[in-house]
Amino acid sequence: MSRFKVEVLVTPRPGLLDPQGKAIHHALSSLGYDAVEDVRVGKAIYLEVAAATPEDARERAEEMCRKLLANPVTEDFRITAAEADGAAP
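All values reported here derive from a predicted model rather than from experimental measurement.

J.: Even after reading the chapter, I still don't get the overall build of the protein, so can you show me in this structure?
T.: The helix and strand inventory of the protein stands at two helices and three strands. Mapped in sequence order, the helices and strands of the protein form the string β-α-β-α-β. Computed over C-alpha atoms, the radius of gyration of the protein comes to 16 Å, more than 25% over the 12 Å expected from 2.2 N^0.38 for 89 residues, which places it beyond the range of a compact globule. Summarising its shape, the C-alpha atoms of the protein cover approximately 50 × 30 × 15 Å along the three principal directions. Going through the 89 residues of the protein one by one, you find that 24% of them count as buried. In the protein, 72% of the contacts between residues at least 6 apart in sequence involve partners at least 24 apart.

J.: Looking at this model, I keep getting lost on the side chain of D18. Mind explaining?
T.: Within the secondary structure layout, D18 lies in the loop between β1 (2–12) and α1 (19–30). Buried D18, no salt bridge; nearest opposite-charge side chain is R40, N-O distance 4.2 Å. From its side chain, D18 meets the backbone nitrogen of G21 in a polar contact 3.1 Å long. Once residues lying within four places of it in the same chain are set aside, the contact partners of D18 are P12, V39, R40 and V41.

J.: When you look at the environment of A57 in this model, what are you seeing that I'm missing?
T.: Among the secondary structure elements, A57 is positioned in helix α2 (residues 54–69). Each C-alpha atom of the pair A57 and M1 lies 11 Å from the other, and the pair is 56 residues apart in sequence. Dropping the residues within four chain positions of it, A57 is found in contact with F4, V6, V49, A51 and A81.

J.: Would you take a moment to explain the layout of surface pockets for this structure?
T.: To find leftover empty space, a probe the size of one water molecule is rolled over the atoms. Reported here for the largest pocket is a volume of approximately 190 Å³. Around the largest pocket, the lining residues are G15, L16, L17, D18, P19, G21, K22, H25, E37, D38, V39 and R40. A class-by-class count of the residues in the lining of the largest pocket yields four nonpolar, three polar and five charged.

Definitions and cut-offs
- Residues numbered from 1 in each chain as written.
- Predicted model: local features only at pLDDT ≥ 70, side-chain atom pairs only at ≥ 80, totals over all residues.
- Heavy atoms only, no water.
- Helix = DSSP H or I, 4+ residues; strand = E, 2+ residues; numbered from the N terminus.
- Rg over C-alpha atoms; globule rule 2.2 N^0.38 Å.
- Buried < 20%, exposed > 50% of the residue type's maximum accessible area, 1.4 Å probe, protein only.
- Contact = heavy atoms within 4.5 Å.
- Lys, Arg positive; Asp, Glu negative; His and termini not counted.
- Salt bridge = Lys/Arg side-chain N within 4 Å of Asp/Glu carboxyl O.
- Polar contact = N/O pair within 3.5 Å; in protein donor to acceptor, adjacent residues only side chain to side chain.
- 1 Å grid on protein atoms, 1.4 Å probe; cavity = no way out; pocket = protein on both sides within 12 Å on 5 of 7 lines; lining within 4 Å.
- Points joined across faces, edges and corners; volume = space filled by probe spheres on them.
- Nonpolar A, V, L, I, M, F, W, Y, C, P; charged D, E, K, R; others polar.

Printed below as a string of structure tokens:
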């Protein structure tokens, strides 16, 4: 088995309220960054997973997301996997 670095990006679903994003957007606007039209705040989770292939590592991470790492009702997630010895995913 190989080791894979897996990156999971969890974001709020479009159209749902994002109070953190709204607060950051307001703060950026008050600092003069008027070109920022929207802010969404999510989370990044980094895992090191033992698996036979990158696809197997992604499948395991997807299962983890569905069971624990993301709320399937309010959040979407995106997963990338790369060899642990290589560059970050």
